[in-house]
Amino acid sequence: MTQRHLISIDDLDRHGIERILNRAESFAEVSGRAIKKVPALRGRTVVNLFYEASTRTSSSFELAAKRLSADVVSVRSVGSSVDKGESLKDTIQTLSAYDPAAIVIRSPHAGAAQLVAGWTSAAVINAGDGKHEHPTQALLDVFTLRRRLGQLDGARIWIVGDVLHSRVARSNILAFQRMGAEVTVAGPPTLIPREIEALGCRSMPTLEHLHEADVVYVLRMQHERMREAFVPSLREYAARYQISAARLNPGQLLMHPGPVNRGVELSADAIDSPQALIGDQVKAGVAVRMAVLYELLAGSRALAVAA
Ligand code: ASP
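This text gives an overview of the structure that appears in the document. These numbers were taken from a predicted model, which means no experiment stands behind them. (Residues numbered from 1 in each chain as written. Predicted model: local features only at pLDDT ≥ 70, side-chain atom pairs only at ≥ 80, totals over all residues. Heavy atoms only, no water.)

### A word on the environment of valine 75
Relative to the assigned elements, valine 75 resides in strand 3 (residues 71–76). With near-sequence residues (within four places) excluded, valine 75 lies in contact with Asn48, Leu49, Phe50 and Leu95. (Helix = DSSP H or I, 4+ residues; strand = E, 2+ residues; numbered from the N terminus. Contact = heavy atoms within 4.5 Å.)

See the structure below:
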C-alpha cells in the first residue's frame, strides 16, 4: 500500500521513516554547498498555507521547496475568519487554480490537513493541526537524534511538560517508538492526557526518575490552547518541572521543538548548555522537509504506509 500525503506519523512505518531520513542526509549535504539548490522540483508549485503562528516550520518549508527549485506560494492567514470547513474548502479550491504539486498546511484545527487531502489532487503535508499531529517535527527530531546516537533502538526518551496540548508529543511518541526507543511522558497530571499510555508509553507525575533518561525532550507550555489554569502558577510549575542544567545528568541530551518559554519549561543555562540540541533540530528542519517534499513529489511517488 502506498501513501500520497503526510498527515500523521501513522502514515509511515519504520522503513518509510528511514527512507526519509536517508534522503535527508543527502539533502543536508546540499545545504552545506555554496549553491544550495537542486533541480528536483523545477516547474512544480508548492503552496504553504499557514493559519497559525509559525517561525521555524514555515521558513524551513519555504527554504526546502526553494532549494528543490519549486515555485513557492506562501499564504499566511493569522487571525483570519477561515475557521469553518466550508471556507477552508473555498481557499483550497482557489489555490488549486495554480495546479500545486503540494499543499503544506498548518491549522489550529485538528483534522484540517486530512480534510484538505479530500479536496485537492495535490500532495498534502500536515505542518501542524491543532493538538493532533506535527509529523515533520517528529521526523526532524528523529533525524537529529539518529545523527547524535547512531540509532534510537533502546534509547530512553522522556518527553516533559504540557503533553495535553502538544501535537509534537503525539507525533514524537509514535515516531520515537517506531524507531525502537522507549518513551516516558512526565509532567503535572493535569497536563498529561489520561489515555496517553494507550500509545505505548509510560507516564510519570514527577521528575524523580529523570536520571534514567538518555534524552530529555521538553515541551512548551501551550498557553494559547489553555482556557483554564492547568497549574497553580508558572512559578510553581517551574519549581517542579523546569529543566535546568542542574537537573540534567552529564551525558543526557536536551531537546525542545521551539519556541521556548525561557524561564518556564527551560532555564537559560539549560538552553545554552552543550547538551542542548535545539539548534541542530532547527537546522535539520530544512533537509528533512526537502526529503519529505522529494519523496512525495519526485521519489518513488509515494511513501510507504504502516501495515
Ligand atoms: N512549534 C511546535 C508546534 O508548532 C511546538 C510549539 O509550538 O510548542 O507545535
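### Remarks on the packing of helix 1 (residues 14–31) against helix 5 (residues 135–149)
Put simply, helix 1 and helix 5 touch, their axes get as near as 10 Å, and they point 70° apart. Relative to helix 5, the element helix 1 is oriented roughly perpendicular. On the side of helix 1, the interface is formed by Ile17, Glu18, Ile20, Leu21, Asn22, Ala24, Glu25 and Ala28, while helix 5 contributes Leu139, Val142, Phe143, Arg146 and Arg147. Considering only residue class, the contact of helix 1 with helix 5 consists of 8 nonpolar, 1 polar and 4 charged. (Axes fitted to C-alpha atoms, helices over the stretch in contact; angles between N-to-C directions. Parallel < 35°, antiparallel > 145°, perpendicular 65-115°, else oblique. Nonpolar A, V, L, I, M, F, W, Y, C, P; charged D, E, K, R; others polar.)

### Considering the site of the ligand
Every residue close to the ligand is listed here: Arg106, His134, Arg167, Val168, Arg220, Gln222, Pro257, Gly258 and Pro259. The separation between an oxygen atom of the ligand and a polar side-chain atom of arginine 220 is 2.7 Å. Residue glutamine 222 places a side-chain N or O atom 2.8 Å away from an oxygen atom belonging to the ligand. Coverage of the ligand by the protein amounts to 92% of the 260 Å² it exposes when considered alone. Class assignment for the residues of the shell around the ligand results in 3 nonpolar, 3 polar and 3 charged. (Near = heavy atom within 4 Å. Polar contact = N/O pair within 3.5 Å; in protein donor to acceptor, adjacent residues only side chain to side chain. Areas by Shrake-Rupley, 256 points an atom, 1.4 Å probe, with all protein chains shown as cover.)

### Details of the pairing of strand 6 (residues 156–160)
Counting buried residues in strand 6 gives 4 out of 5 residues, a clear majority hidden from the surface. Both strand 6 and strand 7 (residues 182–186) contribute to a ladder of 5 bridges, which runs parallel. Its bridge partner being in strand 7, isoleucine 159 is matched across the sheet by valine 185. Read from strand 6 through helix 6 (residues 167–178) to strand 7, the crossover connection turns out right-handed. Looking at chain direction, strand 6 and strand 9 (residues 215–218) are connected through 4 bridges and run parallel. When the sheet's bridge partners are listed, isoleucine 159 is paired in strand 9 with tyrosine 217. (Buried < 20%, exposed > 50% of the residue type's maximum accessible area, 1.4 Å probe, protein only. Pairing = 2+ DSSP bridges. Right-handed = clockwise from strand over helix to strand, strands pointing away.)

### So, the pattern of salt bridges
Counting across every chain of the model gives 14 salt bridges. Between aspartate 10 and arginine 178 there is a salt bridge; the shortest N-O distance is 2.9 Å. Here aspartate 10 is found in the loop between strand 1 (2–3) and helix 1, whereas its partner arginine 178 is found in helix 6, with 168 residues between them in sequence. The exposure class assigned to aspartate 10 is partly exposed, which follows from its relative accessible area of 41%. Of the residues examined, arginine 178 reaches a relative accessible area of 25% and is grouped as partly exposed. Arginine 33 serves as the salt-bridge partner of glutamate 29, at 3.2 Å between the closest nitrogen and oxygen. For glutamate 29, a relative accessible area of 47% puts it in the partly exposed group. The class for arginine 33 is partly exposed, based on a relative accessible area of 36%. Residues participating in the shared-partner salt-bridge network are Arg14, Glu18 and Asp153. (Salt bridge = Lys/Arg side-chain N within 4 Å of Asp/Glu carboxyl O.)

### Here's the deal with the side chain of glutamate 133
In this structure, glutamate 133 sits in the loop between strand 5 (123–129) and helix 5. Although glutamate 133 is buried, it forms no salt bridge, and the closest oppositely charged side chain is arginine 170 at an N-O distance of 7.5 Å. Here the side chain of glutamate 133 touches isoleucine 9 through a polar contact of 3.0 Å, landing on its backbone nitrogen. Of note is the side chain of glutamate 133, whose polar atom sits 2.6 Å from the side chain of serine 171. Excluding anything up to four places from it in sequence, glutamate 133 contacts Ile7, Ser8, Ile9, Asp10, Asn126, Gly128, Arg167, Ser171 and Leu174. (Lys, Arg positive; Asp, Glu negative; His and termini not counted.)

### Quick look at unusual backbone geometry
Leaving glycine out, the prevailing phi sign among residues is negative, and the prevailing peptide bond configuration is trans. Each neighbour pair has its own omega, and for glycine 258 with proline 259 the value is -5°, a cis peptide bond. Relative to the elements of secondary structure, proline 259 occurs in the loop between strand 10 (253–255) and helix 8 (268–271). Of note in the backbone geometry, serine 69 takes a positive phi value of approximately 70° without being a glycine. Mapped onto the elements of the fold, serine 69 is located in the loop between helix 2 (56–67) and strand 3.

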